[in-house]
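Residues per chain are reported as follows:
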Amino acid sequence: MKLGIVGLPNVGKSTLFNAITNAGAQAANYPFCTIEPNVGTVTVPDKRLDFLAAMYSPKKYTPAVIEFVDIAGLVRGASKGEGLGNKFLENIRRTDAIVHVVRCFDDENVIHVEGKTDPIRDIDIIDLELIMADLELVGRRLDKSQRAARGGDKKLRHEVEVFEALQKHLDAGKSARSFEPESEDDAELIATSDLLSLKPVIYAANMDDEGIADFENNAYFKAVKERADAEGAQVLPICAKTEQELTELPDDERAMFLEELGLSESGLDRLIKCSYELLGLISFLTAGADECRAWTITRGTKAPQAAGKIHSDFERGFIRAEIVAFSDLEACGSMSAAKEKGLVRSEGKDYVMQDGDVTLFRFNV
């Protein structure tokens, strides 16, 4: 999974990136501090995998990973080349989802490129630039489809109709995410266009210490949450500066600091949960003396396709999956005890994988 961190200059993007990746991206109080996108890979914390590792003492321990890309601040006119322009729109195009950092605090010592704090205006600026870039792309796709449809092919004519409707929607200043296709086939057709404003979004409402302490009553946060709810997006209350301070503390002090703040999890842990929920992802687990590993799949994936995540031969020669729910395995304390209680199941090709399934695939090629 690759998440692009975007927003206007000086809203806390690089500070948040530093905090969640501990990669040391430059963070300074002037626009376009980030020119080339910084990339950091973080492991997904999973106590279930830790339990399995303690059980098997494997040679390898392989958690799921997420790649974060810190993309330079966009400004008005980015789709037309303003600021650092289209180059950074292309960086967004290569991500699975967008973490849109929105400034939700006032500080006269931190420059705001628009003059003052207004999170909804800031969201609108970024959205408009993505929509403008999409309009250009949809226009090119429509021209191509119209030329191809001159032969009278019904499928191509329908494609023209779909993209004409989408073009009209975008032209009204609405994101591709809010466009409602008439069928699943139409949705799949639109997805082939790689549109920026179609990408799922998490709004990271970046607050100061005072704001995060009572974020539910923070006017800026409430405005962002209302916007997110209307779009079906996720919203994450966070203080990027505090998160960065947390990374500099030893584990025991970090836990105490989080407790003092009234938080049970770090911003990274909460962001990862948001990301999985937003993208409809779950993890299944494999365990043994050689390796304990977490595998990320889309919710609703069937057993053969999950096996294919490990190796294409596993999917091609799939016979069955031997599965025990992690909660059952944890309660039993060992795989042998789980088998004795009949909790290890044999599942076939139609089985839909569940989050936390501890799995052994049987195959033959």
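Analysis parameters
Residues numbered from 1 in each chain as written. Predicted model: local features only at pLDDT ≥ 70, side-chain atom pairs only at ≥ 80, totals over all residues. Heavy atoms only, no water. Helix = DSSP H or I, 4+ residues; strand = E, 2+ residues; numbered from the N terminus. Buried < 20%, exposed > 50% of the residue type's maximum accessible area, 1.4 Å probe, protein only. Contact = heavy atoms within 4.5 Å. Areas by Shrake-Rupley, 256 points an atom, 1.4 Å probe, with all protein chains shown as cover. Polar contact = N/O pair within 3.5 Å; in protein donor to acceptor, adjacent residues only side chain to side chain. Axes fitted to C-alpha atoms, helices over the stretch in contact; angles between N-to-C directions. Parallel < 35°, antiparallel > 145°, perpendicular 65-115°, else oblique. Nonpolar A, V, L, I, M, F, W, Y, C, P; charged D, E, K, R; others polar. Phe/Tyr/Trp six-rings, centres within 6.5 Å; stacked < 30°, edge-to-face > 60°. Lys NZ or Arg CZ within 6 Å of the ring centre and 35° of its normal. Pairing = 2+ DSSP bridges. Core = buried A, V, L, I, M, F, W, Y, C linked by side-chain atoms within 4.5 Å. Salt bridge = Lys/Arg side-chain N within 4 Å of Asp/Glu carboxyl O.

## Observations regarding the overall build of the protein
Logical step 1: Scanning the protein for helices and strands turns up 15 helices and 12 strands.
Logical step 2: The 365 residues of the protein split such that 47% are buried.
Logical step 3: By sequence separation, contacts in the protein at least 24 residues apart represent 68% of the contacts at least 6 residues apart.
Logical step 4: Looking at the protein as shown, the accessible area adds up to about 18,200 Å², and 48% of this sits on carbon and sulfur atoms.

## With respect to the side chain of threonine 242
Logical step 1: Among the structural elements, threonine 242 can be located in helix H9 (residues 240-247).
Logical step 2: Polar contacts involving the side chain of threonine 242 include one to the side chain of aspartate 209, which spans 2.8 Å.
Logical step 3: If we skip the residues at most four places from it in the chain, threonine 242 touches Asp209, Phe257 and Leu261.

## As for the packing of helix H4 (residues 119-148) against helix H8 (residues 219-231)
Logical step 1: One way to put it is that H4 packs onto H8 with a least axis distance of 9 Å and a crossing angle of 40°. As far as their axial angle goes, H8 and H4 are oblique. Of the residues in H8, those in contact with Pro119, Ile120, Ile123, Asp124 and Asp127 of H4 are Tyr220, Ala223, Val224, Arg227 and Glu231.
Logical step 2: For the contact of H4 with H8, the class distribution of residues is six nonpolar, no polar and four charged.

## Notes on unusual backbone geometry
Logical step 1: With phi around 65°, asparagine 10 is a residue other than glycine that occupies positive phi space.
Logical step 2: Locating asparagine 10 in the fold gives a position in the loop between strand S1 (2-6) and helix H1 (13-21).
Logical step 3: Phi is positive for serine 57, close to 45°, though the residue is something other than glycine.
Logical step 4: Tracing the backbone through its elements, the reader meets serine 57 in the loop between helix H2 (47-56) and strand S3 (60-62).

## Let's talk about the packing of aromatic side chains
Logical step 1: Tallying each qualifying case throughout the model produces six aromatic pairs.
Logical step 2: Consider the rings of phenylalanine 51 and phenylalanine 326, whose centres lie 5.4 Å apart with planes at 90°: the pair is edge-to-face. Of this pair, phenylalanine 51 sits in helix H2 while phenylalanine 326 sits in helix H14 (residues 326-332), and the two are 275 residues apart along the sequence.
Logical step 3: Owing to a relative accessible area of 25%, phenylalanine 51 belongs among the partly exposed residues under this scheme.
Logical step 4: Taken together, the ring pairs connect Phe284, Trp295, Phe318 and Phe361 into an aromatic cluster.
Logical step 5: Sitting over the ring of tryptophan 295, arginine 293 keeps its end group 3.9 Å from the ring centre.

## With respect to the pairing of strand S6 (residues 201-206)
Logical step 1: Within S6, six of the six residues are buried, leaving the element largely enclosed by the surrounding structure.
Logical step 2: Both faces of S6 are covered, namely the face carrying Val201, Tyr203 and Ala205 and the face carrying Ile202, Ala204 and Asn206.
Logical step 3: Where strand S5 (residues 97-103) and S6 come together, six bridges link them in parallel fashion. Bridge pairing links valine 102 to alanine 205 in S6.
Logical step 4: Note that S6 and strand S7 (residues 234-238) share five bridges and pair parallel. Of the residues in S7, the one forming a bridge with alanine 205 is proline 237.

## Focus on the nonpolar core
Logical step 1: If you look at the biggest cluster of nonpolar residues, it comprises 65 residues, and the most contacted ones within it are Ile66, Phe68, Ile92, Tyr203 and Val358.
Logical step 2: Residue contributions to this core peak at six residues, all from helix H11 (residues 267-279).
Logical step 3: Excluding residues within four positions of it along the chain, valine 358 makes contact with Leu52, Leu285, Glu322, Ile323, Val324, Phe326, Leu329 and Met335.

## Examining the pattern of salt bridges
Logical step 1: Per the stated rule, a full pass over the model turns up 23 salt bridges.
Logical step 2: For aspartate 46, the salt bridge identified is with arginine 48, shortest N-O distance 3.0 Å. Per residue, the accessibility class of aspartate 46 equals that of arginine 48, and both read buried.
Logical step 3: A salt bridge links arginine 270 to glutamate 243; its shortest N-O distance comes to 3.8 Å. Within this pair, whereas arginine 270 is found in helix H11, its partner glutamate 243 is found in helix H9, the two being separated by 27 residues in sequence.

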